[in-house]
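# Report on the structure
One-letter residues, chain by chain:
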Protein chains: 2
Amino acid sequence: MNINKLVEDFDKLEHEYQQLNRAQTIIGWDRRAMMPSAAVKSRSKTLGYFSGKSHYILTSPETMKILDKLTEAGDKLDKAAAARVRLFKRTADRMVKIPGEMFQKHTSLRIQSETAWERAKHANDWEGYRPYLEELVNITKETVEIWGYEGSPYNALVSFSEEGMTSEKLEELFGGIKEGVVPLVKKIAEKDNFDDSFAKASFPVDIQKKMNQELIGIIGFDLDRGRLAESEHPFCTSFGCNDVRLTTHYYEDKFLQAFFASMHEAGHGMYEQNIPEEYEFTMLGRGLTGGMHESSSRFWENMVGRSLPFWNANLEFVRGYFPQQLKDIDVMDMYRAVNKVEQSLIRMTADELTYNLHIMLRVELEKDLFEGRAKVADLSEMWNEKIFEYMGIRPENDTVGILQDVQWPAGMFGYFPSYTLGNLYNAQYSAFMKRELDFDKLVENREYDKILDWMRKNLYSYASLRTPSETMTALTGEEVNAKYLVEYLTEKFTKLYGV
Amino acid sequence: MNINKLVEDFDKLEHEYQQLNRAQTIIGWDRRAMMPSAAVKSRSKTLGYFSGKSHYILTSPETMKILDKLTEAGDKLDKAAAARVRLFKRTADRMVKIPGEMFQKHTSLRIQSETAWERAKHANDWEGYRPYLEELVNITKETVEIWGYEGSPYNALVSFSEEGMTSEKLEELFGGIKEGVVPLVKKIAEKDNFDDSFAKASFPVDIQKKMNQELIGIIGFDLDRGRLAESEHPFCTSFGCNDVRLTTHYYEDKFLQAFFASMHEAGHGMYEQNIPEEYEFTMLGRGLTGGMHESSSRFWENMVGRSLPFWNANLEFVRGYFPQQLKDIDVMDMYRAVNKVEQSLIRMTADELTYNLHIMLRVELEKDLFEGRAKVADLSEMWNEKIFEYMGIRPENDTVGILQDVQWPAGMFGYFPSYTLGNLYNAQYSAFMKRELDFDKLVENREYDKILDWMRKNLYSYASLRTPSETMTALTGEEVNAKYLVEYLTEKFTKLYGV
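The sections below set out a description of the structure shown in this document. (Residues numbered from 1 in each chain as written. Chains lettered and ligands numbered in written order. Predicted model: local features only at pLDDT ≥ 70, side-chain atom pairs only at ≥ 80, totals over all residues. Heavy atoms only, no water.)

Moving on to the interface of chain A and chain B. Contact residues are listed per partner, giving 32 residues for chain A and 32 residues for chain B. Of the roughly 2800 Å² buried between chain A and chain B on both sides combined, carbon and sulfur atoms contribute 57%. The largest share of the area that chain A buries against chain B comes from A:Met34, A:Pro36 and A:Tyr49, three residues that together contribute 20% of it. Between the two partners, chain A and chain B, sit six salt bridges. Here A:Glu16 ties to B:Lys53 by a salt bridge, and the two come within 3.4 Å at their closest N and O atoms. One can count 18 residue pairs in polar contact (both at pLDDT 80 or more) joining chain A with chain B. Of all the secondary structure elements, the ones that give two or more residues to the side of chain A that touches chain B are helix H1 (3-33), helix H2 (40-59) and strand E1 (226-230) of chain A. Classifying every residue of the side of chain A that touches chain B gives 14 nonpolar, six polar and 12 charged. (Contact = heavy atoms within 4.5 Å. Buried area = accessible area lost by both parts, 1.4 Å probe. Salt bridge = Lys/Arg side-chain N within 4 Å of Asp/Glu carboxyl O. Polar contact = N/O pair within 3.5 Å; in protein donor to acceptor, adjacent residues only side chain to side chain. Helix = DSSP H or I, 4+ residues; strand = E, 2+ residues; numbered from the N terminus. Nonpolar A, V, L, I, M, F, W, Y, C, P; charged D, E, K, R; others polar.)

Structural data, given as structure tokens:
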């Protein structure tokens, strides 16, 4: 077995796969940020064509042979090469089990479902959308059976999004959060709440755009190697470290929404901009799992952007753009407004404290679905009951209930845990960061480059070289657990609300 | 020989080629309209990868076999299938003669040359850029020899851009233009010229943007099936009839530049938007040659946009956006400003009358280069002498001389004739249009849909089904000739300048 020849073949294979991915990423960005909706059908054909090509490369017998031989060769490969082979094989192994026809059906179902959902959300038409979700859940269940799993079938989905994660481990983590957070939310609900009406005045979108461009530059997103554009739902996508695209969505009467969406997406973007360039066009050339990526985005959004030192430093920056609207507002007004705890219906705009309860609800429903305790037909009612249980309010319609999120319609089952995992990860590693850095002072002095340096050194520069579990152990000496997040939230919100 | 099976194989081949093209078109649009310059290197790798794939599909022995057999089958194919095979074969025949290595060298040379040119243009550094152009000319000469030609080697380049066109035919056409236009330019130069200083006041770019969006909608570009964005050099690109992208470039102190660039690109865009949808992803699914495309863009820009009826109808529309800047301006002021004849250095902003002389200069130099009468080293001096001969002025530097245009640096030799061919084509077919339509009245009543209908019926809907020569014969009963353009220009400018 000539190992050099094998590695060469693998390099070529990986490069082909990466270039096909790159094309789909650029074409997909354009679809969401630029494309007129009349072109949906034509664009799906193009995306379908290239996803078929990716499928072929991942599953051809030639590919399997190379991967098997390289996996056997094991320790003869250097660390980076071994990681690349492992990641490629992980993707290929899942793909090869799925018949080509089923894969294509799944792909086109996802696109149809997302389009149907958009319409249904605007029209509050759960019954009209339901058949799509039923089909998607069914094909996902089939997929899970083909992939195989240990323990719960939900494990197949969770571990696909977050390597090494299990349903059981999630239960333990959410259990810890629930125990720490639910009583705190109840106590806060008994207090008089803050007045954030000033933030709902008119903030012209043109000015918001200029402010958000400057904002992401201040925290360290490199505007010479990226762009901030607009789309219906904010997102981040990367075409290598020298070209990272963010979007946000502006509302004239809710300027804080775009503000934190921009910080959130910049948090994803800074991860991608700080991946070593030599990893581009390899399996290593992107941030780790969804959970680890969310740890970065939610770190910059929440731990930096919703902190008191941040507003000590940046109220005047924001007031520079909106002097009239904010003329009577002081730092504490702003700090309270961006941290107002509310028993609310909508995940996307939920505060830091209740956010994880929104996720918990979704994860519980996903488990019920895939562990066979619930049917799609019952989902709207189950949703409404659960949200009443956790928040004490009931959605007046499905648009602000089960139809609010794109993840399920897009077929991303098992992805929701990533958001809470992100919060758990960053609470845990930032506790260690704060032993090395005078975090509050850096935030207050706007020395965000120092914080970015820490993130680069400890997280970003590893790209996909380590697993989430290896990352957490290396950074904090232990596996992810709920203790740090509960401590962080308890300290912050106890003080803020005086409870 | 099973013809059905062959057609099926061809369909598949063509679809692959079209999808690879589509990817390159979207990725190329993004490169020019959205990409940060730091990503040039990474993006060329991706574009290089996909152009290699296209090359492979066009030149594989399998492809050649299918094409040869289908060409033999000839009249057993329906008209559309025969045209698709013919166009595919035309592209493949040229490509298959070029060794893969040479093709890749040419591709990467073009990208390097364009980047070097951008720098050199800003720095006025002809000597620094020259070696790139020399290499490009050399490899193009080699290509021409490999392709083969009858008569002048320049024919190989001209007929690549404009099917059926020859160096000899161009000489005849330009001869006719020269004879008709040069004396007229001289006479006008003796008259006092118009004052267009009002158009060089401050026209804020934000307002220009809104106006140009409305403008292209008024003339018939469907904004639900396309976009107008910004880039350094205006261009149009199409991802099928339901998604056509235009760009323009704004200057605060020259609002007419973006105005006419937008109309010009919308003229390209309306062509593409009106190609029948069933041709998408086939060789027929785009407008004809460069010359025929320019005939549409320059029709909307000049024959519509620079006409007196247009300004009778639209001065108030423009004044609505810029009431202060245009408060003392009447229709004749505007009509004169947009048609001011100047002996100028820059092609892109030249008036309708002298524009063709700028093209003539370039075509003469291209012929000198490829027929062996000139060397790249002499080109700057030759340029300056020629422009002095035609315009009576001399460039103070190469930035406004030989370095002004992107076409040569991008390796597009033989493309310049397209612009003048466009003017010849549209002058000729619009003479016939005007027998069917009360053109001036429609323009003045803003009934641009009626004009668009004529263009759709007679030109756009044929897509690439006919050759330029077949198109002109069908529309006007004769081959392209200089008579109509000279008549149109003479009538317009004699009257305007009273000469």
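Residues and elements named next belong to chain A. The sheet built from three strands is open, its strands ordered E1-E3-E2 with mixed pairing. Two strands close off the open sheet at either side, each with one partner strand: E1 and strand E2 (236-238). Strand-to-strand twist across the sheet, computed as the mean angle between neighbouring axes with direction ignored, equals 20 degrees. Pairing of E1 with strand E3 (residues 244-248) involves five bridges; the strand directions are parallel. The partner of Ala229 across the bridge, within E3, is Thr247. (Pairing = 2+ DSSP bridges. Axes fitted to C-alpha atoms, helices over the stretch in contact; angles between N-to-C directions.)

Counted by the stated rule, this structure contains 56 aromatic pairs over all chains. Between the aromatic rings of B:Phe310 and B:Tyr448, the centroid separation amounts to 6.2 Å while the plane-to-plane angle is 45 degrees, which identifies the pairing as tilted. With B:Phe310 in helix H12 (residues 308-321) and B:Tyr448 in helix H18 (residues 448-458), this pair connects stretches of sequence that are 138 residues apart. No difference in accessibility class separates B:Phe310 from B:Tyr448, as the two residues are buried. Taken together, the ring pairs connect A:Tyr355, A:Trp383, A:Trp408, A:Tyr415, A:Phe416 and A:Tyr419 into an aromatic cluster. Between A:Arg394 and the ring centre of A:Phe388, over which it is positioned, the NZ or CZ distance is 4.5 Å. Between the NZ or CZ atom of B:Arg336 and the centre of the ring of B:Phe194, over which it lies, the distance is 5.7 Å. (Phe/Tyr/Trp six-rings, centres within 6.5 Å; stacked < 30°, edge-to-face > 60°. Buried < 20%, exposed > 50% of the residue type's maximum accessible area, 1.4 Å probe, protein only. Lys NZ or Arg CZ within 6 Å of the ring centre and 35° of its normal.)

A few words now on the relation of the copies chain A and chain B. Mapping chain A onto chain B calls for a rotation angle of 180 degrees and an axial translation of 0.0 Å; the resulting RMSD is 0.0 Å. Both copies are brought into coincidence by an operation consistent with a two-fold rotation axis. Looking at the interface residues of chain A, 100% of them are also at the interface in chain B, so both copies use one shared face. (Least-squares fit on C-alpha atoms with pLDDT ≥ 70 in both.)

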